[in-house]
Amino acid sequence: MYEENPRVELTPAAAGLLRRLSAAHGPLMFHQSGGCCDGSAPMCYPAGEFRTGDSDVLLAELDVEGVEEPVTFWMSRSQYEVWSHTRLIVDVVPGRGSGFSLEAPEGVRFLIRSRVVGA
């Protein structure tokens, strides 16, 4: 999926972590919900482990060098309505979230940074 201005991008640290997680767990996906606490952080799962449906939007298929399959990035439709004019930047920071995201045992967590883009 090519976009001149992608809706979702990865920092080098996030791409490196996705390479390690993919080697250990196979194909991956993200889901960004609008929930509270860690529910508002991007959660990384083995592809297909988090069930998506009509209430979710596929924002991106991220090509990561060294990862065989694109990493899909999903967002709840209600959250997308709020963030539709925002570029999401997936980063990694030290610390452990309390969710079920695959990076938790690594002592780091994924984090969204954002930048407003034109309509």
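Above this note sits the structure.
About the criteria used
Each chain carries its own residue numbering, running from 1 in the direction its sequence is written. Reporting of local features is limited, given that this is a predicted model, to residues whose pLDDT is at least 70; pairs of side-chain atoms are given and counted only at 80 or more, and all residues count toward the totals for whole chains, interfaces and linings. The side-chain quantities take in all heavy atoms of the structure and omit both hydrogens and water. Secondary structure elements follow DSSP: runs of H or I no shorter than four residues count as helices, runs of E no shorter than two count as strands, and numbering proceeds from the N terminus. For every residue, the accessible area (1.4 Å probe, protein chains only) is compared with the maximum for its type, and the residue is labelled buried under 20%, exposed over 50%, or partly exposed between those bounds. Should any heavy atoms of two residues lie within 4.5 Å, those residues are considered in contact. Here, Shrake-Rupley sampling with a 1.4 Å probe gives the accessible areas, and only protein chains in the shown set may cover a residue. Each Phe, Tyr or Trp ring (for Trp, its six-membered ring) is paired with any other whose centre lies within 6.5 Å, and the angle between the two planes then decides the class: stacked below 30 degrees, edge-to-face above 60, tilted in between. Strands were regarded as paired on the criterion that DSSP finds at least two bridges between them. For every element, the axis is a line fit to its C-alpha atoms; helices are fit only across the contacting stretch, and the angle between N-to-C directions ranges from 0 to 180 degrees.

J.: Sorry if this is basic, but what is going on with the overall build of the protein here?
T.: Tallying secondary structure elements over the protein gives 2 helices and 7 strands in all. Written out in order from the N terminus, the α and β elements of the protein read β-α-β-β-β-β-α-β-β. For the protein, buried positions account for 45% of its 119 residues. In the protein, the proportion of contacts linking residues at least 24 apart, taken out of those at least 6 apart, comes to 56%. Element-wise, carbon and sulfur atoms account for 51% of the exposed surface of the protein, whose accessible area totals about 6,800 Å².

J.: Help me understand the packing of aromatic side chains in this model?
T.: Two aromatic rings are characterised by how far apart their centres lie and by the angle between their planes. Within the structure shown, the criterion is met by 3 aromatic pairs. On the basis of an interplanar angle of 40 degrees and a centroid distance of 5.5 Å, the ring pair of Phe-30 and Phe-73 is categorised as tilted. Placement of the pair is Phe-30 in strand S2 (residues 28-32) and Phe-73 in strand S5 (residues 71-76), with a sequence separation of 43 residues. In this structure Phe-30 comes out as buried when scored by relative accessible area, which is 0%. For Phe-73, a relative accessible area of 0% gives the class buried.

J.: What should I look at first to understand the sheet that holds strand S7 (residues 108-116) in this one?
T.: Strand pairing in a sheet takes place through backbone hydrogen bonds and is either antiparallel or parallel in direction. The strand order across the open sheet formed by 3 strands is S1-S6-S7, and the pairing between neighbours is mixed. Across the chains shown, the open sheet's two edge strands, defined by having one partner strand only, are strand S1 (8-10) and S7. The average angle at which neighbouring strand axes cross in this sheet is 30 degrees, direction not considered. For S1 and strand S6 (residues 86-94), the ladder comprises 3 bridges, and the chain directions are parallel. Counted as the bridge partner of Glu-9 is Ile-89 from S6. Sheet contacts for helix H1 (residues 12-25): S1, S6 and S7; angle to S6, the most-contacted strand, approximately 70 degrees.

J.: I'm lost on the sheet that holds S5 in this one. Help?
T.: Pairing in this open sheet of 4 strands is mixed, and the strands run S3-S2-S5-S4 from one edge to the other. The open sheet terminates on both sides in strands that have one partner only, identified here as strand S3 (43-46) and strand S4 (56-62). Between one strand axis and the next, the sheet turns by 25 degrees as a mean value, whatever way the strands run. Strand direction decides the pairing type here: S2 and S3, joined by 4 bridges, are antiparallel. Its bridge partner being in S3, Met-29 is matched across the sheet by Tyr-45.

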